[in-house]
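# Descriptive structure summary
Residue-level listing of the chains:
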Amino acid sequence: MAAGRAMPCGAEHGALLCEALRGYAQAAFPPGGSACAEAARESLLEIAARLEREQAACGSITLKGRQKGTLRGAVRVYFNELSGLPEAEASRHRELLLGLLE
């Protein structure tokens, strides 16, 4: 695996992050788009799957610095516009995950 920073991540946080990444990938880059959009979608879905496996195996996740900006953007969009959660709950999840991604 490429170098990155391992961070402790509980099951709830990991599940929320993966939910946000998958939801954002599906909404922002739906199937049938351009080759670039399809590549972005697949990349986000692969990151979510990898993070899910890592969190389940060792209770931490490893992120590369260059991924964090994209992941922060996905979390913001998902919990601001896509999650369908009440604002207070979406805000709590968003801030929790953004803190994890700092």
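Relevant structure appears above.
Model, not experiment: these values are computed from the prediction. Along each chain, residues carry numbers from 1 onward, in the same order as the chain's sequence is written. The model is predicted, so local features are restricted to residues of pLDDT at least 70 and side-chain atom pairs to those at 80 or more, both for listing and for counting; the totals for chains, interfaces and linings are taken over all residues. Excluding hydrogens and water, the side-chain values take into account all heavy atoms of the structure.

## With respect to the overall build of the protein
The condition that has to hold: Each helix is a run of DSSP H or I of at least 4 residues and each strand a run of E of at least 2, with the numbering of both proceeding from the N terminus. Our radius of gyration looks at C-alpha atoms and nothing else; its globule reference is 2.2 Å times the residue count to the power 0.38. A 1.4 Å probe rolled over the protein chains alone gives each residue an accessible area, and that area as a share of the maximum for its type sets the label: buried under 20%, exposed over 50%, partly exposed in between. Here, two residues are considered to be in contact whenever any of their heavy atoms come within 4.5 Å of each other. Method for areas: the Shrake-Rupley scheme with a 1.4 Å probe, in which residue coverage is limited to the protein chains shown.
Assigned secondary structure in the protein consists of four helices and two strands. A globule of 102 residues ought to have a C-alpha radius of gyration of about 13 Å, and the protein, at 13 Å, matches this closely. The principal-axis extent of the C-alpha atoms belonging to the protein is close to 35 × 35 × 20 Å. Relative to its 102 residues, the protein shows a buried fraction of 38%. For the protein, long-range pairs separated by at least 24 residues make up 65% of all intrachain contacts whose partners lie at least 6 apart in sequence. When the accessible surface of the protein is split by element, carbon and sulfur atoms take 55% of a total near 5400 Å².

## Overview of the pattern of salt bridges
Test applied: Throughout this description, the term salt bridge denotes a Lys or Arg side-chain nitrogen within 4 Å of a carboxyl oxygen of Asp or Glu.
Across all of its chains, the model carries six salt bridges by this definition. Arg41 is the salt-bridge partner of Glu42, the closest N and O atoms lying 2.8 Å from each other. On the basis of relative accessibility, which here comes to 31%, the residue Glu42 falls in the partly exposed class. The network of salt bridges with shared partners includes Glu38, Arg41 and Glu42.

## Observations regarding the side chain of Arg94
Inclusion rule: Any N or O atom pair separated by 3.5 Å or less is treated as a polar contact, with the protein-specific requirement of one donor-capable and one acceptor-capable atom, and with residues adjacent in sequence counted only for side-chain atom pairs.
By secondary structure assignment, the location of Arg94 is in helix H4 (residues 87-100). According to the relative accessible area criterion, Arg94 is buried, its value standing at 10%. Within the structure, the side chain of Arg94 is placed 2.6 Å from the side chain of Asn80, a separation counted as a polar contact. Here Glu95 takes part through its side chain, which lies 3.5 Å from a polar atom of the side chain of Arg94. Apart from residues no more than four positions distant in its own chain, Arg94 is found in contact with Val75, Arg76, Phe79, Asn80 and Glu87.

## So, the side chain of Arg41
You can see Arg41 is positioned in helix H2 (residues 35-58). The residues touching Arg41, leaving out its near neighbours within four places in the chain, are Ala25, Gln26, Phe29, Pro30 and Pro31.

## Some thoughts on the packing of helix H1 (residues 11-28) against H4
Operational definition: In this description, a line fitted to the C-alpha atoms serves as the axis of each element, helices being fitted only across the stretch in contact, and the angle between N-to-C directions of two axes falls anywhere from 0 to 180 degrees. For classification purposes, angles smaller than 35 degrees are called roughly parallel, those larger than 145 roughly antiparallel, those between 65 and 115 roughly perpendicular, and all remaining angles oblique.
Close contact between H1 and H4 brings their axes to 10 Å; oriented N to C, the two are set at 100°. With respect to their mutual orientation, H1 and H4 come out roughly perpendicular. Together, Glu12, His13, Leu16 and Leu17 of H1 and His93, Leu96 and Leu97 of H4 make up the contact between the two elements.

## Describing the nonpolar core
Applicable threshold: Take the buried residues of types Ala, Val, Leu, Ile, Met, Phe, Trp, Tyr and Cys, join any two whose side-chain atoms come within 4.5 Å, and each joined set is a nonpolar core.
Among the nonpolar cores identified, the biggest contains 26 residues, and Leu17, Leu21, Leu51, Ile61, Val75 and Phe79 are the most heavily contacted of them. Looking at this core, the elements with two or more residues in it are H1, H2, strand S2 (60-63), helix H3 (65-82) and H4. Counting residues per element, this core draws most heavily on H1, which supplies seven residues. Not counting the four nearest positions on each side in its chain, Leu17 is found in contact with Leu51, Ile61, Val75, Leu97 and Leu101.

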